[in-house]
Amino acid sequence: MLLDLVAYFTVRGRPAPLRTMRGHTESVWAVAFFKDDRRVVTGSRDCTLRISDVLKGTLIDGPFEGHKGWVNSVAVSPDDRRIASAGDDNTIIIWDVESKQKVLGRLVKHTGSVYSVSFSPDGTRLASGSRDTTVVVWDAKTGTVLATLRGHHNWVLSVAFSPDGLKLASASRDHTIRVWHTDNADFLFKINAHEDWVKSVVWSPDSHQLVSASFDKTIRFWDSSKGDQIGQVCVGHTHHIHSLAISSDGDFIATASDDKTVRLWSTKSHQQIGHALEHTAGAESVAISPNGGLLAIGGSDGKVRVWSNKNILEQQKVKERPIIKRLLTANPPSTPHIDEPARSDIQLFSHDTDSETCGDHESTHNHFSEVHETVCSHEKHDILVINTMVRNACIAGDLHTAEELLTQEINADNTNYNSYANRSVVRARNSQWDYALQDAVESIAIQPSLMGFISKGIALCGKEMIWHAMEAFNLAFIFSKNDPATTTLLRLIKAIALFNANHYDEAMREVQDVAMACQDLDTLPCSVVDSYLRVQHGIISFKGLILTQDIV
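Only a predicted model underlies this, so the values are computations on that prediction, with no experimental measurement involved.

Remarks on the overall build of the protein
- What the protein contains, in helices and strands, is 15 helices and 28 strands.
- Among the 552 residues that make up the protein, the fraction classed as buried is 56%.
- As displayed, the protein has an accessible area near 23200 Å², and 48% of this comes from carbon and sulfur atoms.

Section: the packing of helix α8 (residues 399-412) against helix α9 (residues 417-429)
- Where α8 meets α9, the axes come as close as 9 Å, and the angle between the chain directions of the two elements is 155°. Judged by the angle between their axes, α8 and α9 are roughly antiparallel. Relative to α9, the crossing made by α8 is left-handed. Contacts between α8 and α9 involve Leu399, Ala402, Glu403, Leu406, Thr407, Glu409 and Ile410 from the first element and Ser419, Tyr420, Asn422, Arg423, Val426, Arg427 and Arg429 from the second.
- Class assignment of the residues belonging to the contact of α8 with α9 gives a composition of 6 nonpolar, 3 polar and 5 charged.

Focus: the side chain of serine 128
- Checked against the element boundaries, serine 128 lands in strand β11 (residues 125-130).
- The buried category is assigned to serine 128, whose relative accessible area is 0%.
- Leave out the neighbours within four places in its chain, and serine 128 touches Ile92, His110, Val114, Ser116, Val117, Thr134, Val135, Val136, Trp138 and Val159.

What to know about the pairing of strand β8 (residues 91-96)
- Of all 6 residues in β8, 5 are buried; the element is thus mostly enclosed.
- Pairing between strand β7 (residues 82-87) and β8: 5 bridges, direction antiparallel. What sits directly across from serine 85, in β8, is isoleucine 93.
- A loop of 3 residues connects β7 with β8, the two strands running antiparallel in sequence, and asparagine 90 in this loop sits at a positive phi of about 75°.
- For β8 and strand β9 (residues 102-108), the ladder comprises 4 bridges, and the chain directions are antiparallel.

Observations concerning the packing of helix α11 (residues 450-462) against helix α12 (residues 466-476)
- Orientation of α11 relative to α12, taken along the N-to-C sense of each, is 165°, at an axis distance of 8 Å. In terms of their interaxial angle, α11 and α12 are classed as roughly antiparallel. The two elements α11 and α12 cross, and the hand of that crossing is left-handed. Touching Leu450, Phe453, Ile454, Lys456, Gly457, Ile458, Leu460 and Cys461 of α11 are Ile466, His468, Ala469, Met470, Ala472, Phe473, Leu475 and Ala476, all from α12.
- For the contact of α11 with α12, the class distribution of residues is 13 nonpolar, 2 polar and 1 charged.

Quick look at the environment of glycine 292
- In this structure, glycine 292 sits in the loop between β26 (283-288) and β27 (294-299).
- The exposure class assigned to glycine 292 is buried, which follows from its relative accessible area of 8%.
- C-alpha separation for the pair glycine 292 and phenylalanine 252, spaced 40 residues apart in sequence, amounts to 9.0 Å.
- In this structure, glycine 292 is in contact with Phe252, Asn309 and Leu313, ignoring residues within four places of it in sequence.

Overview of the sheet that holds strand β16 (residues 176-181)
- Read from one edge of the open sheet, 4 strands run β14-β15-β16-β17, paired in antiparallel fashion. In this open sheet, the two edge strands, each paired with only one partner strand, are β14 (156-161) and β17 (187-192). With direction set aside, neighbouring strand axes in the sheet form an average angle of 20°.
- Pairing geometry for strand β15 (residues 167-172) and β16, over 5 bridges, is antiparallel.

Describing α8
- End to end, α8 covers 20 Å across 14 residues, agreeing with the expected 20 Å (1.5 Å per residue, within 8%).
- Restricting attention to buried positions, one finds in α8 the residues Leu399, Ala402, Glu403, Leu405, Leu406 and Ile410. When α8 is viewed along its axis, its buried side chains cluster within an angular range of 165° and face the same direction. Seen from the open side of α8, the exposed residues pointing more than 90 degrees away from its buried face are His400, Asn411 and Ala412.
- Check the buried side of α8 and you find it contacts α7 (388-396) and α9.

Focus on the sheet that holds strand β22 (residues 241-246)
- Ordered by their spatial adjacency, 4 strands build an open sheet running β22-β23-β24-β25, and the pairing between neighbours is antiparallel. Two strands lie at the open edges of the sheet, namely β22 and β25 (272-278), each paired on one side alone. The mean inter-strand angle of the sheet, taken between neighbouring strand axes irrespective of direction, is 15°.
- Where β22 lies against strand β23 (residues 252-257), 5 bridges are found, and the strand directions are antiparallel. Residue pairing across strands places alanine 245 opposite alanine 254, the latter belonging to β23.

Quick notes on the nonpolar core
- Core analysis: the largest hydrophobic core is formed by 28 residues, its most contacted members being Ile454, Ile458, Cys461, Met470 and Phe473.
- Within the residue set of this core, elements represented by two or more residues are α9, α10 (433-446), α11, α12, α13 (484-500) and α14 (504-517).
- When residues of this core are assigned to their parent elements, the largest contribution, 8 residues, is made by α11.
- Ignoring anything within four residues of it in the chain, the contact list for methionine 470 reads Cys461, Lys494 and Leu498.
- Among the nonpolar cores identified, the runner-up in size contains 16 residues, and Leu264, Leu277, Ala283 and Ile288 belong to it.

Describing the pattern of salt bridges
- Tallying each qualifying case throughout the model produces 11 salt bridges.
- Notably, a salt bridge pairs lysine 100 with aspartate 61, separated by 3.4 Å at the nearest N-O pair. Here lysine 100 is found in the loop between β8 and β9, whereas its partner aspartate 61 is found in strand β5 (residues 58-65), with 39 residues between them in sequence.
- We classify aspartate 61 as buried; its relative accessible area is 16%.
- A salt bridge links lysine 463 to aspartate 434; the nearest nitrogen and oxygen atoms lie 2.4 Å apart.

Quick notes on the pairing of β7
- With 6 of 6 residues buried, β7 is to be regarded as a mostly interior element.
- Every second residue of β7 is oriented toward a common face, with Arg82, Ala84 and Ala86 on one face and Ile83, Ser85 and Gly87 on the other, all of them buried.
- Hairpin connection, strand β6 (residues 71-76) to β7: the antiparallel pair is bridged by 5 residues, and aspartate 80 has positive phi, about 65°.

What counts and how
- Residues numbered from 1 in each chain as written.
- Predicted model: local features only at pLDDT ≥ 70, side-chain atom pairs only at ≥ 80, totals over all residues.
- Heavy atoms only, no water.
- Helix = DSSP H or I, 4+ residues; strand = E, 2+ residues; numbered from the N terminus.
- Buried < 20%, exposed > 50% of the residue type's maximum accessible area, 1.4 Å probe, protein only.
- Areas by Shrake-Rupley, 256 points an atom, 1.4 Å probe, with all protein chains shown as cover.
- Axes fitted to C-alpha atoms, helices over the stretch in contact; angles between N-to-C directions.
- Parallel < 35°, antiparallel > 145°, perpendicular 65-115°, else oblique.
- Left-handed = near helix turned anticlockwise from the far one by under 90°.
- Contact = heavy atoms within 4.5 Å.
- Nonpolar A, V, L, I, M, F, W, Y, C, P; charged D, E, K, R; others polar.
- Pairing = 2+ DSSP bridges.
- Expected span 1.5 Å × (residues − 1).
- Arc of directions from axis to C-beta.
- Core = buried A, V, L, I, M, F, W, Y, C linked by side-chain atoms within 4.5 Å.
- Salt bridge = Lys/Arg side-chain N within 4 Å of Asp/Glu carboxyl O.

Shown next, in the form of structure tokens:
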């Protein structure tokens, strides 16, 4: 039973974006956040710009129409009042956000497609990079050309002002980065950065480092004072990297690639953070919200997907703690041997399991007697009322089938509160937290129950509403009828939910507290869950080591 319990509540499907925004009809090649963390501007091959609300997933303004070619780059001014866009029509347009009108008309100087634009930190200047191999610095208020910087031998694909305003970096198809002094446009130095196109370059918030991403599938860090490489190369993408963004605190970067993933990387360790965020289309552009909590990703399918960073960044915190040594030297309770007959005897979740499953097995499996008796006694209460097909699909990880079966149950009887609660758990395992919470709330509205409040607690954990989640779990205790074994299982489910929400310390403390509280009862459930969480914690910690070995 305990193995089924752990599998049922912890095997999660592939993470999913918070929302997907539609509107563009072609690839979204550019995306940038406003400072309010709520709005993004996007530019597309459909030759338009749009401003959207990432929290609601709705269009605010647009389409902005003015370019006669693909929109390759967008930038928001420091005061959030203007947008600059660069097009395949060799022009730059500066837009007024409030009026949605062009401020200066088209800025014309380049003789080839403009691939990148960047405002200076004070908003008075605008830099642009072009297929004509030049970088142009403009007066952002008047549109006057202040300087034309030459030196690259191929297309200039990315430009970026340093946060202190003193330098300008440009990245090129010629595999190099060039750094310029902004006051007098003097060339400072060149970095032979990559083995293929340097597609994107950004500065660290303190202006001390440059970070570049390339079609050679790597990300590299550079000393911005003289161009020396810093630390190891970031490796993981399997196709061209198109876009690079850095968080406002400088702790992590995000990269978007043709391999249909976006990956986060620690700027301290240069290791990948968490799993890659998988898409169904190529990831063309990426932006990080100013508060670091959200990613906006433009896809080759014309969609903009919004992801939450919270769970992924929690993994970074765990990785950067000295926990590996602690895990290796700790003395966790030994995991008891469970033979196959015992595993088959403990099918606690099925309401259609044969009644003889609930027979007396104390002589062979007395470790499970308390838990087994509790859940087999359906006249007392059910911990999980779920049919065998759904249970088996969940444990096998076939969440699509499980959800379909539960939906069929709900369609057949829309007052089946158990089916709503179980579908909530399935959707939570797919990281569909909003839908999971809706099902949990519906289950409780039909009939308050133990599983209804458990599913609500799990969904709220996933939405990072931890205090509300704890309230839901506390309400679930009302339905435990003070049965010690049921209370123990409920607290272990609570620990697993906390762990899945990346609150590792709280989860482990909960397991330890349960173990202390049930010393006079069977401690096997605590031992199994404690061992499981320790193993999962170790797996998270060692992922960084595996990536390091691949690089070496």
